[in-house]
Structure formats: C-alpha cells, structure tokens
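# Observations on the model geometry
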Amino acid sequence: MEFVLVALLILLVAFLLMGVRVVKQGFVYTIERLGKFTISAEPGLHIIIPFVDRVGRKINMMEQVLDIPGQEIITKDNAMVGVDAVVFFQVLDAGKAAYEVSNLYNAIMALTTTNLRTVMGSMDLDETLSKRDEINARLLSVVDHATSPWGVKITRVEIKDIRPPMDISEAMARQMKAERLKRAEILEAEGDRASNILRAEGDKQSAILKAEGKREAAFRDAEAREREAEAEAKATQMVSDAIAGSGSQAINYFVAQEYTKAFGKFADSPNAKTILFPMEATQLIGSLGGIGELVKDAIGGETVNTGTPIPKTRARTSVSRSGDKG
C-alpha cells in the first residue's frame, strides 16, 4: 500500500512539472490546446495543462539580421552587376509570425531578393551606384508592406556591395581620371585668370599711383617755380628800390659784382690752357670805383683806395691752369 502511495505521489509531481513552463527573456512561446493556437506566453513562469496544452513555436522577439546572398542583377541599360544586402527585422506578433507564414526567414529572403531585382532593374548602372539611399528606401517600403500580415516589422534594408563588371569598372576608372584631369585643368585656368586679373589690377593701381605722383610732382614744381618767380620779383623790386634810392652807385655795384663773377669763370674753362682776350682796364677800374663809392657812403665818407691806377691801354691777360706748361 505504501508503495502505491509513493508511486501516485511521484506521478503527481511529474504531472505538475509537465504543466510548468518558463519562457526566456526575448522570446514568446505559442501555446496550442489540442493542436489549436490559444495564447502567446510572454517571458516568465506559465502553467499549462499537461497532455492538453503544449508549446507550439518559440518565437524570437528581438531584432534580427538576415543576410541576403549575392545576386546577379541586370540593370535598365543591360549591365550585369552583383549585389549583396542585409535586412533587419523584428517580430511584433508571435501568433502571426508562427502561423501566417510557413518559414519566416525564407519568406523574408525571397521577398527581399525579388524586390531587389525589381528596384535595381528599373535603374541605370550610374543610378544604382549613386542612389543607394533611394534603393534602400524603396526596398524598405515594399518589403515592410509585404511582411506586415506576418506580424513582422522591417526596420532597415541596406545594400552592402554593388559589383559592376571588370570592363565597366575599368571604363569608370578612366572616366573618373579624365574627370579629375578636367577639374584640375579648369582650376588651373581659373587660377591663371585670377592671377592675370590681380596682376592687371596691380598694374592699374600702380599706373594710377604713378600718375598721381607725377601730378603731385608737377604741382610741387609749379609751386616751386611760382615761389622762385615771387622771390625773383621781390629781389628785382629791391634792386629797383636800391637803384631808385642811390642812383648810379647801386648800378655800378651790381655790374661790378656780375663782371667779377664772369671774369672768374674764364679760369675754370676745361677746354683751353691759355686764354687771351682784350680788356679795357678803365671798365674794371670804373666798376671798382663804384664799389668804393658805396663803401665810402657806408662808412661815413672815408676814402677807400681801390688800387693803383691802370693806364688806358689794351692789356693782355694770360690765365694758366695749374699744372700746365706756359
């Protein structure tokens, strides 16, 4: 009897353990009762009826990444390109993901592949290489709309790599090189033009400054000549006043001063060693006499000896430069 009780107790414990289910975090279990989906078990402890309820599917509710294998796609301009892509998705409804589609991963992969061919097949090669963001956006919209009945949210679709044929790659490389050379030549031409413009501006400013300098110099020169003319006029006026005040004495003084200056220049002539010229001695004596009269008037009437009288004869004066032979 005791053996039967122990056996019944063991069976009861085993029956209770069969009804206990623990769902891990990040997963949702579907509970089927007699083969029919009833509830979705969230993470935590759950009690089910053994032999009546069972766990149907264990659905991963975390965001997942599905790698799309490389595809050979023909573009609108008949270029063959290889494309790799990845799809990020997350299950929002465990019941739909478990029972609305047979194989969720294969379904998403097939749907993404076909739409990738459709989207890229409607573009030229240059567009497929330069408009990846547009391709990603169109794929995301189409695939997300198609998978929404499965309780799946497509969060992102990314093109990993686009591989054009080798000959097209070489042609694109040559095109890129030619484009860069073109840009370099354009920049060099623009630099030369800017340099020429700056140089012309500099020459223009220099010419303007030179013209302004010449104008200022001419103005200063005219002003200097005007000052000199005013000084000459003032000196002439003073000479006229002196002549008017003292008569022939002032005239004799100025004539004698200029005469002696002119006479002294003959000795500095570089073209002749000896100079012979006639001279009236009375003219020089008369000039010296005029100077003496002026000096006499200046010192109060004293007699000034101007030198030994020279007879009225023609004199021959010889002027020799130092270092030359007679």
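Refer to the structure above for everything that follows.
Residues numbered from 1 in each chain as written. Predicted model: local features only at pLDDT ≥ 70, side-chain atom pairs only at ≥ 80, totals over all residues. Heavy atoms only, no water.

### Concerning the sheet that holds strand β5 (residues 53-60)
- Taken in spatial order, the three strands line up as β3-β2-β5 in an open sheet, and their pairing is antiparallel. The outermost strands of the open sheet, each flanked by one partner alone, are β3 (36-41) and β5. With strand direction ignored, the average angle separating the axes of adjacent strands in the sheet is 30°.
- Where strand β2 (residues 27-33) meets β3, five bridges bridge the pair, whose relative direction is antiparallel. Within the sheet, the bridge partner assigned to tyrosine 29 lies in β3 and is alanine 41. (Pairing = 2+ DSSP bridges. Helix = DSSP H or I, 4+ residues; strand = E, 2+ residues; numbered from the N terminus. Axes fitted to C-alpha atoms, helices over the stretch in contact; angles between N-to-C directions.)

### A look at the pattern of salt bridges
- Tallying each qualifying case throughout the model produces 12 salt bridges.
- Between arginine 220 and glutamate 216 there is a salt bridge, with the nearest N and O atoms lying 3.0 Å from each other. A residue pair is termed a helical-turn pair when its members lie 3 or 4 positions apart in one helix, as arginine 220 and glutamate 216 do in helix α6 (residues 166-246) at four residues.
- Each member of the salt-bridge network shares a partner with another, and the members are Glu216, Arg220, Glu223 and Arg227. (Salt bridge = Lys/Arg side-chain N within 4 Å of Asp/Glu carboxyl O.)

### Regarding the packing of helix α3 (residues 104-121) against helix α5 (residues 132-147)
- Contact geometry for α3 and α5: axes closest at 10 Å, N-to-C directions at 140°. Regarding the angle of α3 to α5, the classification is oblique. Crossing of α3 against α5: the hand is right-handed. Between α3, through Ile108, Leu111, Thr112, Asn115, Leu116, Val119 and Met120, and α5, the contact on the second element is made entirely by Ile135, Arg138, Leu139, Val142, Val143, Ala146 and Thr147.
- Looking at the contact of α3 with α5, its residues break down into 10 nonpolar, three polar and one charged. (Parallel < 35°, antiparallel > 145°, perpendicular 65-115°, else oblique. Left-handed = near helix turned anticlockwise from the far one by under 90°. Contact = heavy atoms within 4.5 Å. Nonpolar A, V, L, I, M, F, W, Y, C, P; charged D, E, K, R; others polar.)

### Structural notes on the side chain of glutamine 64
- Tracing the chain through its elements places glutamine 64 in strand β6 (residues 64-74).
- At a separation of 3.3 Å, a polar atom in the side chain of glutamine 64 contacts the main-chain carbonyl oxygen of asparagine 60. (Polar contact = N/O pair within 3.5 Å; in protein donor to acceptor, adjacent residues only side chain to side chain.)

### What about unusual backbone geometry?
- Of note in this structure, leucine 34 is not a glycine but carries a positive phi near 55°.
- Relative to the elements of secondary structure, leucine 34 occurs in the loop between β2 and β3.
- For asparagine 78, which is not a glycine, the phi torsion comes out positive at approximately 65°.
- Positionally, asparagine 78 belongs in the loop between β6 and β7 (80-91).
- Residue classification places asparagine 78 among the exposed positions, given a relative accessible area of 66%. (Buried < 20%, exposed > 50% of the residue type's maximum accessible area, 1.4 Å probe, protein only.)

### Concerning α5
- If you check α5, its first and last C-alpha atoms are 22 Å apart, about what 16 residues at 1.5 Å a residue would give, namely 22 Å.
- Along α5, the positions that sit buried rather than exposed are Ile135, Asn136, Leu139, Val143, Asp144 and Thr147. Considered in projection along α5, the buried side chains sweep an arc of 140° and stay on one side of the axis. Turned more than 90 degrees away from the buried face of α5 sit Asp133 and His145, all of them exposed. (Expected span 1.5 Å × (residues − 1). Arc of directions from axis to C-beta.)

### Thoughts on the nonpolar core
- By size, the foremost hydrophobic cluster in this structure holds 35 residues, and its most contacted members are Leu104, Ile108, Leu116, Trp150, Val152, Ile154 and Ile159.
- Contributing elements (two or more residues each) for this core: β6, β7, α2 (94-99), α3, α5 and β8 (152-163).
- For this core, the element with the most residues is α3, which contributes seven residues.
- Leave out the neighbours within four places in its chain, and valine 152 touches Phe89, Gln90, Val91, Leu104, Ile108, Asp144 and Thr147. (Core = buried A, V, L, I, M, F, W, Y, C linked by side-chain atoms within 4.5 Å.)

### Some remarks on the pairing of β7
- Extensive coverage of β7 is indicated by the burial of nine of its 12 residues.
- With 10 bridges joining them, β7 and β8 adopt antiparallel strand pairing. The residue bridging valine 86 from the neighbouring strand is glutamate 158, located in β8.

### Some thoughts on the environment of lysine 96
- The topology assignment puts lysine 96 in helix α2.
- Judged by its relative accessible area of 37%, lysine 96 is partly exposed.
- Along the sequence, lysine 96 and valine 152 sit 56 residues apart, while their C-alpha atoms lie 8.4 Å from each other.
- Among residues more than four places away in sequence, those in contact with lysine 96 are Val101, Pro149, Trp150 and Gly151.

### Here's the deal with the sheet that holds β8
- One open sheet holds the three strands; their spatial order is β6-β7-β8, and the pairing between them is antiparallel. Two strands close off the open sheet at either side, each with one partner strand: β6 and β8. This sheet shows a mean twist of 20° between the axes of neighbouring strands, independent of strand direction.
- Bridging between β6 and β7 involves nine bridges; their strand directions are antiparallel. Bridging from a neighbouring strand, leucine 66 pairs with valine 87 of β7.
- The sheet strands contacting α3 are β6, β7 and β8, and the helix crosses β6 at an angle near 40°.

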